[in-house]
Amino acid sequence: METSAYAAMSAGAPLEPHTIERRDLRPHDVLIDIKYSGVCHSDIHQAREEWFTSIFPMVPGHEIAGVVSAVGSEVTKFAPGDRVGVGVFVETCMECDNCKAGLENYCVKGFVPTYNGKNYDGEVMYGGYSTAIVVDDHYVLRIPDGMELDVAAPLLCAGITTYSPLREWEAGPGKKVGIMGLGGLGHMGLKHAVAMGADVTLISHSPSKEEDAKRLGAHNFLLLSDREAMKEQAMTFDLIVNTVSAPIDLDPAINLLKTDGTMAYVGLPDKPLQMNIFGLNSQRRRIAGSNIGGIPETQEMLDFCAEHGYAADIELIDAGQINEAWDRVVNSDVRYRFVIDASTF
Ligand SMILES: [Zn+2]
Ligand SMILES: [Zn+2]
């Protein structure tokens, strides 16, 4: 079916109105009437070809919230009218150990991204900056009752990306957790860690973030350039989730970790980082990485957010404002996620 969308027609080009074709429903497909689509910084990196070679025209968007409008003949989990979401990937092999364990995000064959990729049949994928999408039902999440769709959309990438490492390294009561960086990812990490019952510190380069960090629930604020405070806080953190993608001096941050503490990287610096290994082996510390989350954990995260009564802080925009919004994302001038009203595509 013909679907209205916004697309980048070539690398670095501004987004413009475009029409794409969505496939006919297969037996396990769900047709979703998109209501809202979040703007993730990775949309911009890929449309500007800053990471690797991209496919154009590109319809970005992998934070999708909408309502089911039709289902394939074999779909039993969903029915028209259901409120649903789609995140970063839309197909995996379902045969490897990771897929079988619900870690589809680490599929050995490689997941099919929601946009800027081809599925296993060679079909080019187009993302959420559009009015409708067709997705296999395994990759469709249920948005809990009582959660508005606009604030739910960013949970499908920013929400799960920060939730998964907090769960993996056991944030909770009695644990001191640092969230480094207060952007789209950081603000969700902060909310999750507070809801999990941890003692939460927002760690930042920017003193201007303190007020908002506290408003969002942080118990403490730590400025990376405050040498005195950094010395006082050394060896006190069980876990730091690092959402920063800019190059930073890692050594002082690593020194904040206790013995056996972990720094989990979810930010994506585009250049290799330098660090002194002494900081790790002196206290058996770990530096780790984490990438989004599997389908079962994504559903768990959505249900957890609903149970604790929070979602993303957003700025709602019309399709015509996307290019301006992208420039603001690059300048870190958004609190904390732009979400596009899909009725304006
Ligand atoms: Zn994303
Ligand atoms: Zn797999």
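Check the entry above for the structure.
Residues numbered from 1 in each chain as written. Chains lettered and ligands numbered in written order. Predicted model: local features only at pLDDT ≥ 70, side-chain atom pairs only at ≥ 80, totals over all residues. Heavy atoms only, no water.

## Here we look at the overall build of the protein
A tally of regular secondary structure across the protein gives 11 helices and 17 strands. Its C-alpha radius of gyration of 20 Å places the protein within 12% of the 20 Å reference for a compact globule of 345 residues. Its C-alpha atoms give the protein principal-axis dimensions of about 60 × 40 × 35 Å. The buried share of the protein, taken over its 345 residues, is 54%. When contacts within the protein are restricted to residue pairs at least 6 apart in sequence, long-range pairs at least 24 apart make up 66% of them. When the accessible surface of the protein is summed, it comes to about 14,700 Å², and 49% of that surface belongs to carbon and sulfur atoms. (Helix = DSSP H or I, 4+ residues; strand = E, 2+ residues; numbered from the N terminus. Rg over C-alpha atoms; globule rule 2.2 N^0.38 Å. Buried < 20%, exposed > 50% of the residue type's maximum accessible area, 1.4 Å probe, protein only. Contact = heavy atoms within 4.5 Å. Areas by Shrake-Rupley, 256 points an atom, 1.4 Å probe, with all protein chains shown as cover.)

## Examining the pattern of salt bridges
Within the structure shown, the criterion is met by 18 salt bridges. Across the pair Asp 82 and Arg 142 runs a salt bridge, and its minimum N-O distance is 3.5 Å. Remark: Arg 142 occurs in strand S9 (residues 140-142) and Asp 82 occurs in the loop between strand S4 (64-71) and strand S5 (83-86); sequence separation between them is 60 residues. Of the charged contacts, one joins Glu 300 and Arg 167 as a salt bridge, the two residues approaching to 3.2 Å between their closest N and O atoms. In this pair, Glu 300 sits in helix H10 (residues 295-308) while Arg 167 sits in helix H4 (residues 158-168), placing the two residues 133 residues apart along the sequence. (Salt bridge = Lys/Arg side-chain N within 4 Å of Asp/Glu carboxyl O.)

## Side note on the nonpolar core
Generally speaking, soluble globular proteins have nonpolar side chains that are buried together. The biggest cluster of nonpolar side chains holds 92 residues, and the ones touching the most others in it are Tyr 129, Leu 166 and Ile 322. Every residue in contact with Leu 166, bar those within four places of it in the chain, is listed here: Ala 171, Val 177, Ile 179, Gly 189, His 192, Ala 193, Met 196, Leu 239 and Val 241. One finds Leu 224, Met 230, Leu 256 and Leu 280 within the second-largest nonpolar core, a separate group that totals 18 residues. (Core = buried A, V, L, I, M, F, W, Y, C linked by side-chain atoms within 4.5 Å.)

## Notes on the coordination of the zinc ion (ligand 1)
Taken together, Cys 40 (SG), His 62 (NE2) and Cys 157 (SG) make up the full set of protein donors to the zinc ion (ligand 1), lying 2.0 to 2.2 Å away. The sequence motif formed by the donor residues of the zinc ion (ligand 1) is C-x21-H-x94-C. Taken together, the residues span a long stretch of sequence, with Cys 40 in the loop between strand S3 (29-38) and helix H1 (41-47) and Cys 157 in the loop between helix H3 (149-152) and H4 at a distance of 117 residues. For the pair Cys 40 and Cys 157, one class covers both residues: buried. (Donors = N, O, S within 2.8 Å, 3.2 Å for Na, K, Ca; no water.)

## As for the coordination of the zinc ion (ligand 2)
Bound to the zinc ion (ligand 2) on the protein side are Cys 93 (SG), Cys 96 (SG), Cys 99 (SG) and Cys 107 (SG), at distances that span 2.3 to 2.4 Å. Each of the 4 donor atoms around the zinc ion (ligand 2) contributes to a set of angles spanning 101 to 121°, which defines the coordination as tetrahedral. All donors of the zinc ion (ligand 2) belong to a single chain; written as a sequence motif, their spacing is C-x2-C-x2-C-x7-C. Comparing Cys 96 with Cys 99 shows no difference in burial state: the two are buried. (Tetrahedral: all angles 85-135°; square planar, octahedral: opposite > 155°, others 65-115°.)

## So, the environment of Val 86
When you line up the elements, Val 86 lands in strand S5. On the basis of relative accessible area, Val 86 is assigned to the buried category, the value being 0%. Along the primary structure Val 86 and Ala 152 are separated by 66 residues, whereas in three dimensions their C-alpha atoms are 11 Å apart. Aside from chain neighbours lying at most four places away, what touches Val 86 is Ile 32, His 62, Glu 63, Ile 64, Thr 114, Val 135, Tyr 139 and Leu 156.

## Here's the deal with the environment of Gly 183
Locating Gly 183 in the fold gives a position in the loop between strand S10 (176-180) and helix H5 (184-195). For the pair Gly 183 and Leu 222, spaced 39 residues apart in sequence, the C-alpha separation works out to 16 Å.

## Points about the environment of Ile 292
Looking at where Ile 292 falls in the secondary structure, it is placed in the loop between strand S15 (286-289) and H10. For Ile 292, a relative accessible area of 4% gives the class buried. Separated by 281 residues in the primary sequence, Ile 292 and Ala 11 have C-alpha atoms spaced 25 Å apart. When near neighbours in sequence (up to four residues on either side) are disregarded, Ile 292 contacts Val 88, Phe 89, Asn 105, Phe 111, Cys 157, Ile 160, Thr 161 and Ser 164.

## Observations concerning the packing of aromatic side chains
The geometry of an aromatic ring pair is captured by the separation of the ring centres together with the interplanar angle, meaning the angle of the planes. Tallied over the full model, the rule gives 7 aromatic pairs. With 6.5 Å between their ring centres and 85° between their planes, Phe 304 and Tyr 310 make a pair best called edge-to-face. In this structure Phe 304 comes out as buried when scored by relative accessible area, which is 10%. The side chain of Lys 109 reaches across the aromatic face of Tyr 120, ending 4.0 Å from its centre. (Phe/Tyr/Trp six-rings, centres within 6.5 Å; stacked < 30°, edge-to-face > 60°. Lys NZ or Arg CZ within 6 Å of the ring centre and 35° of its normal.)

## Regarding the pairing of strand S11 (residues 199-204)
S11 sits mainly inside the fold: 5 of its 6 residues count as buried. Bridge count between S10 and S11: 5 bridges; the pairing is parallel. When the bridges of S11 are listed, Met 180 appears paired with Ile 203. Assessed by its sense of winding, the connection that carries the chain from S10 through H5 to S11 is right-handed. Since S11 and strand S12 (residues 220-223) lie parallel, the crossover through helix H6 (residues 210-215) that links them has a hand, and here it is right-handed. (Pairing = 2+ DSSP bridges. Right-handed = clockwise from strand over helix to strand, strands pointing away.)

Function cannot be inferred from these measures alone, as they are strictly geometric.
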